[in-house]
Amino acid sequence: MHSERWIIKSFIVSVLFLCSLVLHARNDVEAINLSLESLQSEASLLDTNVLDKTLDNYRGTVSPLYKRYLATTTEYRRIEAKFTEAGIPLFFSLIPYAESKFNPSSRGYGTAGLWQFTRQSARNFGLTVTKGTDERLDMDRSTDAAIRYIKSLKKEFGSWYLADFAYAMGEGTLRRMIQRNGSKKMSVLLKDPHFPSGTKAHFAKTLLLDAKIHYSKSEEKIEGKSSPEGEKN
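Residues numbered from 1 in each chain as written. Predicted model: local features only at pLDDT ≥ 70, side-chain atom pairs only at ≥ 80, totals over all residues. Heavy atoms only, no water.

Within the protein chain, the secondary structure is distributed over 12 helices and 2 strands. Sorting the 233 residues of the protein chain into buried and exposed places 43% on the buried side. Sequence separation of at least 24 residues holds for 59% of the intrachain contacts in the protein chain that already meet a minimum separation of 6. Accessible surface computed for the protein chain: about 12,500 Å², of which carbon and sulfur atoms make up 54%. (Helix = DSSP H or I, 4+ residues; strand = E, 2+ residues; numbered from the N terminus. Buried < 20%, exposed > 50% of the residue type's maximum accessible area, 1.4 Å probe, protein only. Contact = heavy atoms within 4.5 Å. Areas by Shrake-Rupley, 256 points an atom, 1.4 Å probe, with all protein chains shown as cover.)

Written out as structure tokens, the structure reads:
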């Protein structure tokens, strides 16, 4: 009798555990699709197998990035407010976590700051970069420049996800890729064998983090936030 009860109890626990996994996965997909929608993607996660595979490669990076977000929430809120005021999807406000791990002093190969501007790009969008002054390292000024840059990319390419691709790979590379494929669709471009791996990493990390922070139901319960609405024009 005890053995039967134990078997039934174990079965019930297993079913509940599997149900929780399915619910978690469904919520994860829903959150990612909401983030994609804010970027004006023509396809959802389930319609874009190549994106699903790309995200799988970077899911393990979300936990440390989220921990960094929790450690820098006060500073991040200043950036989030600027993007909200500018009418830009909050996806873009999280780029510094993918690009510099939200380190204002970060320096890369010819790039610097939260947004990893090159010297020329920084100057093109109003930042001073001289031997004695590097405004790429100023959080507020560099964020204002990033907003101007992202708006210019949106104006040129027509959609938010293309603006992000251009931000990560460069305008010239994206123009050539669109011309080569005869399409601006995300589902088409991601299949291009020449799509830069660094851009895929940048996009996947930012998308997963955006889904977790701004669209996850669990996050809404914890932080009491409602899902933001990205600009959809």
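Picking up where we left off.
Moving on, we come to the packing of aromatic side chains. Counted by the stated rule, this structure contains 15 aromatic pairs. On the basis of an interplanar angle of 75° and a centroid distance of 5.6 Å, the ring pair of Tyr 69 and Tyr 76 is categorised as edge-to-face. Accessibility assignment for this pair places Tyr 69 and Tyr 76 in one class, buried. Between Phe 165 and Phe 195 the ring centres are 5.2 Å apart and the planes differ by 85°, which places this aromatic pair in the edge-to-face class. In this pair, Phe 165 is assigned in helix H8 (residues 160-169) and Phe 195 in the loop between helix H10 (186-189) and helix H11 (197-215), connecting sequence segments 30 residues apart. For the residue pair Phe 165 and Phe 195, the accessibility class agrees, reading buried in each case. Three or more aromatic residues joined by ring pairs form one cluster here, namely Phe 91, Phe 92, Trp 160, Tyr 161, Phe 165, Phe 195 and Phe 203. For Lys 212, the ring lying beneath its charged end belongs to Tyr 66, and the centroid distance is 4.5 Å. (Phe/Tyr/Trp six-rings, centres within 6.5 Å; stacked < 30°, edge-to-face > 60°. Lys NZ or Arg CZ within 6 Å of the ring centre and 35° of its normal.)

Let's shift gears to the nonpolar core. Counting 61 residues, the largest nonpolar core has Phe 92 and Phe 165 as its most contacted members. Once residues within four sequence positions are removed from consideration, Phe 165 is found in contact with Gly 170, Leu 174, Met 186, Leu 189, Leu 190, Phe 195, Thr 199 and Phe 203. (Core = buried A, V, L, I, M, F, W, Y, C linked by side-chain atoms within 4.5 Å.)

Here we come to the confidence of the model for the protein chain. For the protein chain, mean pLDDT is 85; residues scoring 70 or higher make up 80% of the total. Within the model, the stretch residues 6-26 combines pLDDT values under 50 with 0 contacts to residues more than four positions away or in other chains. Per-residue pLDDT stays below 50 along residues 219-233; that stretch engages in 30 contacts with residues further than four places along the chain or on separate chains. (pLDDT = per-residue confidence, 0-100.)

Relative to the elements of secondary structure, Ser 159 occurs in the loop between helix H7 (139-157) and H8. According to the relative accessible area criterion, Ser 159 is buried, its value standing at 8%. Ignoring anything within four residues of it in the chain, the contact list for Ser 159 reads Leu 39, Gln 40 and Lys 154.

This part takes up helix H3 (residues 62-71). Those residues of H3 not exposed but buried are Val 62, Leu 65, Tyr 66 and Tyr 69. Looking straight down H3, one finds its buried side chains confined to an arc of 100°; they lie on one side. The outward face of H3, more than 90 degrees from its buried face, is lined by the exposed residues Lys 67 and Ala 71. (Arc of directions from axis to C-beta.)

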